[in-house]
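The chain contents come next:
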Amino acid sequence: MSNTRDTFSNVPLDSTSNSCYPRLTSSVTSQIMMATESIVRERLGEQETWTQGDSGALGVALRQLHDAVEKLHDYELENADEPAFALEFGDTAL
Amino acid sequence: MNVDDLPFSSVTQLGSLLRRREISSTELTQLYFERLDTIGRHLNAVVTLTEEVAMAEAALADSEILRGLDRGPLHGIPYGLKDIVSVAGVATSWGAEPFRDRVLPHDATVVRRLRNAGAVHVAKLATIEFAGGMGYDHPEATFTGATANPWDVSTWAGGSSTGPSAAVAAGIVPFAIGSDTSGSILLPAAWTGTAGLRATYGRVSRFGAMTLCWTLDRLGPICRTAEDCGLVLEAISGVDPQDTSTLKATYRYQPQRPKGGFRIGAIAGAAKGVEPAIAANYERSLALLSTIGHVEEVALPEFPYDAVIDVISAAEAFAAFDDFLASGRTMELAAHKARSHRLAGALLPAHDYIRAQRIRRHIATSVNHLLSGFDAVVAPTIGAFAAGIDENFEYMLPGAFPQPINYAGVLTGSPTVSIASGFSNNGLPTSIQFAGARLAENSVLSAASALEDLLGLQSRRPPTEAAHHATTDGNVRKA
């Protein structure tokens, strides 16, 4: 799966569905992680409690989430011929 | 009955003794309290004992039974609750230090229903903090400390329903209520050799229980037998206006023995790569099942099961705990991973959550169609033995599920029961799961119960019975 790059923001864009919105790709994970860490530190007001281990755990979680999202996009691409189906959230779908 | 066997009796057996007045509910409750206070402490399986209320409930049950009032198979039977389920006036900690003394004002619907059925609530039982919802990779991820496995106290009982599974396995409660979002009933049931039922999504009201993921969470029984799971499910199921996901369909436990025998699907490749003793006991189980039915190999449809669960749970858990995450109190949790792990959910775009739910719809339809062709589809519940109580287990779990039948059932909302399939040479239980189509609890429980009869494992006792040796001081308190 290929991504193009937005000239202005250098953020990878989702070219797979003609979307012009950035996706949670591996190349932006570190940027997102740093931004999140900064927000969390600010919100908590306890910078000294945030450790490198916390950053590491968040980074792992983001990478896992990124991989999961990639899998979903790949699945949709590979099953593009599947008929569309109505969106029903879990409570009613089940 | 030998008095030593009493604590390990099934609900059915205990009910029979109560109705024949060979034992009273008060005596039974006292017996289990003594065990909760000793073995339960050693295992770290108990959070709170509810002695005063329980003795009153037991006395009421005795007087009703004496008067000829029969509330059903659970009448007078003690039970425990995973400590994510609220009981008015009793601390509900969610296993988390920030909430260890919090008392909620209401009874959960399952508690009300069990009270109506005459059951006696004796204890809040240990759970991984937030039922694992903040992320964890170590058995110590709870303020009560790691819960030991009664079959080998150097190993873990499995999570996140740690207390319920350990307590039932050790004979310190006859049954317990656990919760399952992506395996938290089945995994600990498997590692403790108990019967754990994740019933159809919507069978059991979640009102009064901690929310982790609205579209995945289920409450269910952990018992000594599959039959007991059916009896408990009948008591706790039913529509509830306070949980709009509950189903209108009434559940009655009715054991079935199909005329032509059970139709069993065996997941292709399910035993490949699992521990040799688990594979051997699984193959033996298949051989036994073939004597009471027809067993054929089946393949699960290919879907990105793990990715769908990861995305749905990231979004829903973050939404459920947004306020708590913002409070910064994750820093007080026992699991280091829990301090920041869930924050990733804040960055998940809505369209990816919707994408996951749309793919889930495909999964639910396809998997339920497959399951509908059988009374049960089987596989080892987990391919690895109980993790060490002091070890990081994350490394072992990815390879422990060679086929995604658990995740398929999670996303389909279909019922699955895990039962013991045997033991390894080192005395640890092995397990087999029976998955069925939505609403087909009676089919899976009947097939599982038939295998239990053939295996004859019920007389086996954990080593904790012979040696009540302490591993920790525990954190038991009395309400």
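Reference entry: report on the structure contained in this document.

Cut-offs and rules
- Residues numbered from 1 in each chain as written.
- Chains lettered and ligands numbered in written order.
- Predicted model: local features only at pLDDT ≥ 70, side-chain atom pairs only at ≥ 80, totals over all residues.
- Helix = DSSP H or I, 4+ residues; strand = E, 2+ residues; numbered from the N terminus.
- Axes fitted to C-alpha atoms, helices over the stretch in contact; angles between N-to-C directions.
- Parallel < 35°, antiparallel > 145°, perpendicular 65-115°, else oblique.
- Contact = placed C-beta atoms within 7 Å.
- Nonpolar A, V, L, I, M, F, W, Y, C, P; charged D, E, K, R; others polar.
- Left-handed = near helix turned anticlockwise from the far one by under 90°.

So, about unusual backbone geometry. Residue and element names in this part refer to chain B. Note that the residue after glycine 159, namely serine 160, is joined by a cis bond; omega there is 10°. Of note, serine 160 is situated in the loop between strand E5 (152–156) and helix H5 (162–169). Here the phi dihedral of arginine 21 falls at roughly 60°; this positive angle occurs in a residue that is not glycine. Following the sequence through the fold, arginine 21 ends up in the loop between helix H1 (11–19) and helix H2 (25–43). Unusually for a residue other than glycine, leucine 439 sits at a positive phi of about 75°. Relative to the elements of secondary structure, leucine 439 occurs in the loop between strand E13 (429–435) and helix H13 (441–455).

With that settled, the discussion passes to the packing of H2 of chain B against helix H3 (residues 51–66) of chain B. Residues and elements named next belong to chain B. Viewed as axis vectors pointing N to C, H2 and H3 meet at an angle of 155°, and their least axial separation amounts to 8 Å. With respect to each other, H2 and H3 are oriented roughly antiparallel. Each of Ser25, Thr26, Thr29 and Phe33 in H2 lies in contact with H3, whose residues at this interface are Glu51, Ala54, Met55, Ala58, Ala59, Ala61 and Asp62. Taken together, the residues of the contact of H2 with H3 break down into 6 nonpolar, 3 polar and 2 charged.

To continue, consider the packing of helix H9 (residues 305–320) of chain B against helix H11 (residues 350–372) of chain B. Residues and elements named next belong to chain B. Interhelical geometry of H9 versus H11 gives an angle of 135° and a closest axis separation of 9 Å. Judged by the angle between their axes, H9 and H11 are oblique. Judged by the twist between their axes, the crossing of H9 over H11 is left-handed. Facing Tyr305, Val308, Val311, Ile312 and Ala315 of H9, the residues of H11 in contact are Asp352, Tyr353, Ala356, Gln357, Ile359, Arg360 and Ile363. Grouping the constituent residues of the contact of H9 with H11 by class yields 9 nonpolar, 1 polar and 2 charged.

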